[in-house]
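# A closer look at the structure
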Amino acid sequence: MRILIWHVHGSWTTAFVQGGHEYLIPVLPERGAWGGGRPQAWDWPARAVEISPHELADAGVDVVVVQRPEELELAARWLRRVPGRDVPAVYLEHNAPRGPAATSRHPAADRPDLLLVHVTHFNALMWDAGSTPTAVVEHGVIDPGHRYTGELAAAATSINEPVRRGRITGTDLLPGLAEAAPIDVFGMGLDGLPEHLRDELGVDGALARRIRPVGDLPQGVLHTELARRRAYLHIPRWTSLGLSLIEAMMLGMPVVVLDTTEAAEAVPDGVGVRSTNPDRLRDGLRELVADPAAAAAAGRLARRAALHRYGLDRFLADWDDLLARVVPGAAGPIPAEPGEHAAAGTGPAAPVPGRRS
């Protein structure tokens, strides 16, 4: 198939374009949000090609995968075909609702011409899609390999914009957890974190210095640096399932996880600690840091669980199955080379009817 898809989420799209189709990535001269093209920082296969808006009308697009409401209008204008009516369309939703948890109407609600695809069952549960048919295709992650050494008696966490997003990302939980171990914070937008901890959260100097901003590293470097820490923290109160958590588990890291949204599904017992009680998370982190052998054993279980549920082969097979149902008469994907993708999975996701609240 020829699939039109915007580059919106780097890790998710990197997994998606590993499949056996041709992926058309819109590019504008100024790039930006609506025409970013291929990213320079990610290793994408040649089947993911940049395409300008004026080329799209004659590109023979088989299906459109939109991820933002504005893309429906852009696709109609650039393709000169209406998504859902003149060309099959899938609306991919990455996020949990931002508004009232149980009553938020999805932008694609009551659109029987679309298929709304969620990345977690929790997100599908919380969004009100009305009569729009829905499906769930869980995340897939490219295996970074078992890199865990745990040589540093510290925790790692990946949080983008922890000051601006605050309680959503669990930034206020960092001081309590830092009582158990130093915490190295990776991610974008870390400027002002020490000042925020001191001035807004009232964290004293000695404890604040145990929360150490590192910054936004290239993915390969990031994976190596994460795996040097003894454990990985995942503490957002409200989020879709973070790919950074799955990547950390695949690295072989034991995890300390706030048990919200999809965490209970993604993180099985025995791979660290999972709780809604911050005190229990702190105590569990302290135990992992104090016992490197136990931490490594939990990390091995975490890797095995993540590969089984979120392996790339399962993810791509699920998408192939879903797209084959959306696009009438579609040909199958180009077969992957033997061993090209390194993970097993759980089988295809079936669409479920849309529901009204």
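Reading guide: rules and limits
Residues numbered from 1 in each chain as written. Predicted model: local features only at pLDDT ≥ 70, side-chain atom pairs only at ≥ 80, totals over all residues. Heavy atoms only, no water. Helix = DSSP H or I, 4+ residues; strand = E, 2+ residues; numbered from the N terminus. Rg over C-alpha atoms; globule rule 2.2 N^0.38 Å. Buried < 20%, exposed > 50% of the residue type's maximum accessible area, 1.4 Å probe, protein only. Pairing = 2+ DSSP bridges. Axes fitted to C-alpha atoms, helices over the stretch in contact; angles between N-to-C directions. Contact = heavy atoms within 4.5 Å. Parallel < 35°, antiparallel > 145°, perpendicular 65-115°, else oblique. Nonpolar A, V, L, I, M, F, W, Y, C, P; charged D, E, K, R; others polar.

What follows concerns the overall build of the protein chain. Of the regular secondary structure elements, the protein chain holds 14 helices and 13 strands. Relative to a compact globule of 357 residues, whose C-alpha radius of gyration would be 21 Å, the protein chain shows 21 Å and is just as compact. Dimensions along the principal axes, computed over C-alpha positions, put the protein chain at roughly 60 × 45 × 40 Å. Every one of the 357 residues in the protein chain was classed for burial, and the buried ones make up 52%.

As a further point, take the sheet that holds strand β4 (residues 63–66). By definition, the strands of a sheet pair up through backbone hydrogen bonds, in either a parallel or an antiparallel sense. If you trace the seven strands from one edge of the open sheet to the other, you get β3-β2-β1-β4-β5-β6-β7, paired in parallel fashion. Single-partner strands in this sheet number two, and they are β3 (48–51) and β7 (134–136). The mean inter-strand angle of the sheet, taken between neighbouring strand axes irrespective of direction, is 25 degrees. As defined by bridge partners, strand β2 (residues 22–26) adjoins β3 across four bridges and the pair is classed as parallel. In the sheet register, Leu24 faces β3, and the bridge partner there is Val49. Sheet strands touched by helix α3 (residues 69–79): β1 (2–5), β2, β4 and β5 (89–93). Its angle to β4, the strand with the most contacts, is close to 150 degrees. Along the sheet face, helix α14 (residues 312–326) touches β1, β4, β5, β6 (115–118) and β7 and points at about 140 degrees away from the line of β5.

This brings us to the packing of helix α10 (residues 243–250) against helix α13 (residues 292–310). Running from N to C, α10 and α13 point in directions that differ by 125 degrees, and their axes come no closer than 7 Å. Classified by the angle their axes make, α10 and α13 are oblique. Contact residues: α10 offers Ile246, Met249 and Met250, while α13 offers Gly299, Ala302, Arg303, Ala306, Leu307 and Tyr310. Among the residues forming the contact of α10 with α13, the class breakdown is seven nonpolar, one polar and one charged.

In short, shape yes, function no, at least from these values alone.
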